[in-house]
Every structure is written in C-alpha cells, then in structure tokens.
Amino acid sequence: MLELKQLGHRICIIGPSHSGKSMLTHMLGQKTSFPVFHLDQFAHEPYTKWKRRSDQDFRIDHEKIISGESWIMDGEYSAFMRQRFERTTAVIWLDFPFFWGISRYLWRRLRRIPKKFGNLEGGVSVFSPWLVKYMLFGYRKIRPKSKMIINESKVLLLRIRSVGELNRYYRHWGLGA
C-alpha cells in the first residue's frame, strides 16, 4: 500500500459520479491541511440546478487552482485534465464498477440525503434522470480518454478498484469516515 506522503502535495481524485471522490478529498484535506477543491463547484453556477459555467470562466479558475503549491481536488473534466496532470504529483482513481455510483445516488435521493462534501453552494438537489443516464452510459465513453491522459502524463497513479480497497486505504492513512 502506498503511504500518504508518497502522493505528494498536489493530488487529483477522479472516478465516476457518486463514487466517493468528494468525501475522500475532504478527508485527505483534513489529514494533510492542503487546500481542497471540488471541480463541480467551479464548473457550475452556484444557486442553480447545476447550470454549467462558461468554459472560459471555468478555465480561469482551474488554472488559478492548479498554480497553487499544494492542493487536493476531485473531478474529471477531461478538457482540462492534461494541464492539471502536468502539475499533479499523484492521481487517485476510484475505478469502481458503474453500479456502485448509481446505487449510492439512488439511495441518497430516496432517503433525501444531501451530498455532504462538494455540494454546489445553494444548489438544488433533485433527482436527475440525465445524471442516471450519464452514470450508465456517459462515463464509459470518457473513461478511456481519462486512462489515456493518465498514461501520457506518467503521473503517479493509485488505482482503487473496490470500496473494500478504498476502506483499507482510509484505515492505512488514518482517515476517519
């Protein structure tokens, strides 16, 4: 198992929707005291139903974030992934089976449990058929592109393939859950 210090001081966490990226980002931020960024919050307008910001505005914020000396961030957004990985010291890829995220999303919506970390400020949480469709079909299309960018970047990759493996890392790194 990798030690937390081996990941360096600029860590990206990627993976499908509702796989636990934002929670891991938050927990690692608490452990390391590095600034935490959830890219969903920069890609969407606050106080909306997840309305996308312009790519220009998102790019400006993204470049400002990655210019920092240390950070932990979650989110894919492959359009800016190459630039991000040029500055990243490690990528944690939560590469779980797609049904994990869908079942978590549906459980949260049915139980009306808001996503705790990475929420859009003032965002409205409603059931989204579009998001379910994206989780079923969309992520499968961008996953190969993410894999290619990771391979080209030669960044340190920690690929976690199951919730059990993720839980072992939580314990190994001393992260409370």
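Notes on the structure in this doc start here. Small disclaimer: the values here were computed from a predicted structure and weren't measured. (Residues numbered from 1 in each chain as written. Predicted model: local features only at pLDDT ≥ 70, side-chain atom pairs only at ≥ 80, totals over all residues. Heavy atoms only, no water.)

**Brief notes about the packing of aromatic side chains**
Point 1. In total, this model carries four aromatic pairs according to the counting rule given.
Point 2. Measuring from centroid to centroid gives 5.1 Å for Phe58 and Tyr77, while their planes differ by 75°, and the two rings are edge-to-face. Of the two residues, Phe58 sits in helix H3 (residues 55–66) while Tyr77 sits in the loop between strand S3 (71–74) and helix H4 (81–87), which places them 19 residues apart along the sequence. Across the pair, exposure class does not vary: Phe58 and Tyr77 are buried alike.
Point 3. Centre to centre, the rings of Tyr169 and Trp173 are 4.7 Å apart; their planes meet at 45°, and the pair counts as tilted. Both residues of the pair, Tyr169 and Trp173, belong to the buried class. (Phe/Tyr/Trp six-rings, centres within 6.5 Å; stacked < 30°, edge-to-face > 60°. Helix = DSSP H or I, 4+ residues; strand = E, 2+ residues; numbered from the N terminus. Buried < 20%, exposed > 50% of the residue type's maximum accessible area, 1.4 Å probe, protein only.)

**What about the sheet that holds S3?**
Sheets are built from strands paired through backbone hydrogen bonds, the pairs being either parallel or antiparallel.
Point 1. The five strands are arranged S2-S3-S1-S4-S5 in an open sheet whose pairing can be described as parallel. Of all strands in the sheet, those with a lone pairing partner are strand S2 (36–38) and strand S5 (156–160), marking the two edges. On average, each strand axis in the sheet is inclined to that of its neighbour by 15°, with strand direction left out of account.
Point 2. When strand S4 (residues 90–94) meets S5, the two strands line up parallel, connected through five bridges. For Ile92, the partnering residue across the bridge sits in S5 and is Leu158. (Pairing = 2+ DSSP bridges. Axes fitted to C-alpha atoms, helices over the stretch in contact; angles between N-to-C directions.)

**Section: H3**
Point 1. Given a rise of 1.5 Å per residue, twelve residues ought to cover 16 Å, and the 16 Å separating the end C-alpha atoms of H3 matches this to within 8%.
Point 2. Taken as a whole, H3 has its buried residues at Phe58, His62, Ile65 and Ile66. Mapping the buried residues of H3 onto a view down its axis gives an arc of 85°, with all of them on the same face. The outward face of H3, more than 90 degrees from its buried face, is lined by the exposed residues Gln56 and Lys64.
Point 3. Next to the buried residues of H3 lie S2, helix H2 (39–43), S3 and H4. (Expected span 1.5 Å × (residues − 1). Arc of directions from axis to C-beta. Contact = heavy atoms within 4.5 Å.)

**Re the pattern of salt bridges**
Point 1. Tallying each qualifying case throughout the model produces seven salt bridges.
Point 2. One salt bridge in this structure joins Arg52 and Asp55, with 3.6 Å as the shortest N-O distance.
Point 3. Exposure remark for Asp55: the relative accessible area of 47% places this residue in the partly exposed category.
Point 4. Between Asp95 and Arg159 there is a salt bridge, with the nearest N and O atoms lying 2.7 Å from each other. One end of the pair, Asp95, is in the loop between S4 and helix H5 (98–111); the other, Arg159, is in strand S5, with 64 residues separating them in the sequence. (Salt bridge = Lys/Arg side-chain N within 4 Å of Asp/Glu carboxyl O.)

**Things to note about the environment of Gly174**
Point 1. Along the chain, Gly174 turns up in the segment after helix H7 (163–172).
Point 2. In this structure the C-alpha to C-alpha distance between Gly174 and Leu4, which are 170 residues apart in sequence, comes to 9.6 Å.

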